[in-house]
Amino acid sequence: MRHLITGGAGFIGCNFVRHMLAEHPDDEIVVLDKLTYAGRMENLEEVIDRITFIKGDICDKEIVSTAMEGCDKVVNFAAESHVDRSITTPEDFVRTDVIGVFTLLEEARRRDIERFVQISTDEVYGSTVSGSFSEEDILDPSSPYSASKAGGELLARSYVKTYGLKVTVTRSSNNYGPFQYPEKLIPVLVIKALNNEPLPIYGKGTNVRDWLHVEDNCRAVDLVLQKGKPGDIVNIGSGNEVSNIDVTKMILKHMNKPESLITFVADRPGHDFRYSLEWGRIKEMGWEPKVKFENGLRQTVDWYLENKEWWKTLL
Ligand SMILES: NC(=O)c1ccc[n+]([C@@H]2O[C@H](COP(=O)([O-])OP(=O)(O)OC[C@H]3O[C@@H](n4cnc5c(N)ncnc54)[C@H](O)[C@@H]3O)[C@@H](O)[C@H]2O)c1
């Protein structure tokens, strides 16, 4: 089996490449990645001899065709992924998260690819104060990031009905773990706390996210790659709903740093209050999250403390 993993040099993608090499050692892996600011060869250093790496853009038809040559399955992690950046430069998001998906889908249908997994996000549902979103709920994205992701996944699902392409979409909650770019909440907090700098928290810090360890997400995506039904959407949540202020306090406690470092800053425009998912469908497929948030968070903080060389050049 030969898999094309796009965005494999980014946070979740590089963890997924490792997962696949560990769990399916006989499969071949091709990674296509543009190496934007978020994609780094360092993330694939330990596994580079075991994969084929192609530097390129998922919007580039020729590169996409070369990368998909001989592949049975495609998993598309490639995306512009940071909500704050989507507010200042939305065009990059529409380009990669919609046109890039389109380019991959066209090549996949030309080659009659056996399985295409489009990685989407819980952010397509928008925010909710109470209850949890099921896969049948309507989409109500708030940012150019989540709207572009919604556009990409709708296009992907249209290829099931229109062309019979075997696409399954995953919508996961917030991931955390090693190799996450230090612009996302958890690495930002760890690095600032280490340097005794103020920890910027949007609004009052009451916004809630359902934290999913990246390894749990990788196991779920692998399962969807094997067993997902064409046209299905699969939510991947973890039941670890924690407010940003509580995450911050847990990190400070683990690092033995004072809560006085917390500094509240003006809220992000259109900041979704809470994301929450029902994940019965992936549970029926035999998946459960394994990493308890307290343990996963401690391991993640320790990874950033032990791998300063990895993030120091990025600040
Ligand atoms: N991180 C999360 O919490 C989270 C949650 C739900 C869904 N997702 C989705 O999971 C996927 C991976 O997220 P991540 O956090 O690893 O993102 P990331 O920003 O860390 O990595 C994205 C990767 O895509 C590559 N890339 C960007 N534009 C490209 C292009 N045009 N062509 C080829 N490669 C390109 C980058 O170089 C990078 O390696 C994304 O689709 C994201 O929307 C992420």
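Not measured: the values here are computed from a predicted model. (Residues numbered from 1 in each chain as written. Predicted model: local features only at pLDDT ≥ 70, side-chain atom pairs only at ≥ 80, totals over all residues.)

S.K.: Can you help me understand the sheet that holds strand β2 (residues 28-33) in this one?
M.R.: Strand pairing in a sheet takes place through backbone hydrogen bonds and is either antiparallel or parallel in direction. The sheet built from 7 strands is open, its strands ordered β3-β2-β1-β4-β5-β6-β11 with parallel pairing. With partners counted over all chains shown, the strands left at the sheet margins are β3 (52-55) and β11 (233-236), one partner each. Averaged over all pairs of adjacent strands, the angle between strand axes in this sheet comes to 20 degrees, irrespective of strand direction. Judged from the 4 bridges that link them, strand β6 (residues 167-172) and β11 form a sheet pairing that is parallel. Counted as the bridge partner of T170 is V234 from β11. (Pairing = 2+ DSSP bridges. Helix = DSSP H or I, 4+ residues; strand = E, 2+ residues; numbered from the N terminus. Axes fitted to C-alpha atoms, helices over the stretch in contact; angles between N-to-C directions.)

S.K.: Help me understand the domain arrangement of the protein, please; the structure alone is not making it clear to me.
M.R.: Accessible area lost upon the coming together of the parts serves often as the stated size of an interface. Assigned domains within the protein: domain 1 (2-175 + 211-236) and domain 2 (181-209 + 240-272 + 291-312). Between domain 1 and domain 2, the C-alpha centre-to-centre distance is 26 Å. On the side of domain 2, 13 residues touch domain 1, which itself brings 17 residues to the contact. Elements with a minimum of two residues in the side of domain 1 that touches domain 2: α3 (83-88) and α7 (214-227). Here the side of domain 1 that touches domain 2 is built from residues that sort into 4 nonpolar, 8 polar and 5 charged. (Domains from an automatic or database assignment. Contact = placed C-beta atoms within 7 Å. Nonpolar A, V, L, I, M, F, W, Y, C, P; charged D, E, K, R; others polar.)

S.K.: Help me out: how do you make sense of the packing of helix α1 (residues 11-23) against α7 in this one?
M.R.: Each pair of packed helices can be described by the angle between their axes along with the distance between the axes. Where α1 meets α7, the axes come as close as 9 Å, and the angle between the chain directions of the two elements is 60 degrees. By the angle class used here, α1 and α7 are oblique. As for how α1 packs across α7, the hand of that crossing is right-handed. Residues I12, N15, F16, H19, M20 and E23 of α1 touch α7, and the partners they reach there are V214, E215, N217, C218, V221 and D222. (Parallel < 35°, antiparallel > 145°, perpendicular 65-115°, else oblique. Left-handed = near helix turned anticlockwise from the far one by under 90°.)

S.K.: How should I be thinking about unusual backbone geometry in this particular structure?
M.R.: The general pattern is negative phi for most residues beyond glycine and trans for most peptide bonds. In this structure, L35 takes a positive phi of about 55 degrees despite not being glycine. Considering the arrangement of structural elements, one finds L35 in the loop between β2 and β3. Under the C-beta neighbour-count criterion, L35 is labelled partly exposed, with 15 such atoms within 10 Å. We note that N256 has phi near 60 degrees; this positive angle belongs to a residue other than glycine. Here N256 lies in the loop between α8 (244-255) and β13 (262-265). Residue classification places N256 among the exposed residues on the basis of 7 C-beta atoms within 10 Å. (Buried ≥ 20, exposed ≤ 12 C-beta atoms within 10 Å, placed from the backbone.)

S.K.: What's the story with the nonpolar core in this structure? I'm lost.
M.R.: In a soluble, globular protein the nonpolar side chains are often hidden away together inside. Counting residues in hydrophobic clusters, the biggest one holds 73 residues, and the most contacted among them are F16, V74 and V75. Here this core gathers at least three residues from each of two domains, domain 1 (2-175 + 211-236) and domain 2 (181-209 + 240-272 + 291-312). (Core = buried A, V, L, I, M, F, W, Y, C linked by C-beta atoms within 7 Å.)

S.K.: Mind showing me how you'd approach helix α6 (residues 185-194) here?
M.R.: Note on helix geometry: an α-helix contains 3.6 residues per turn, so any two residues three or four positions apart are oriented the same way. Every buried residue of α6 is listed here: L185, I186, P187, L189, V190 and A193. Looking at the packing, one finds that the buried side of α6 touches β7 (175-176), β8 (199-202), α8, α10 (293-306) and α11 (308-312). N196 lies just past α6 and shows a positive phi near 55 degrees.

S.K.: Looking at this structure, I do not really get the environment of Q118. What am I missing?
M.R.: Position of Q118 among the secondary structure elements: in strand β5 (residues 115-121). Along the sequence, Q118 and V169 sit 51 residues apart, while their C-alpha atoms lie 4.8 Å from each other. Look past the residues within four positions of Q118 in its chain and what remains in contact with it is N76, V101, G152, E153, A156, V167 and V169.

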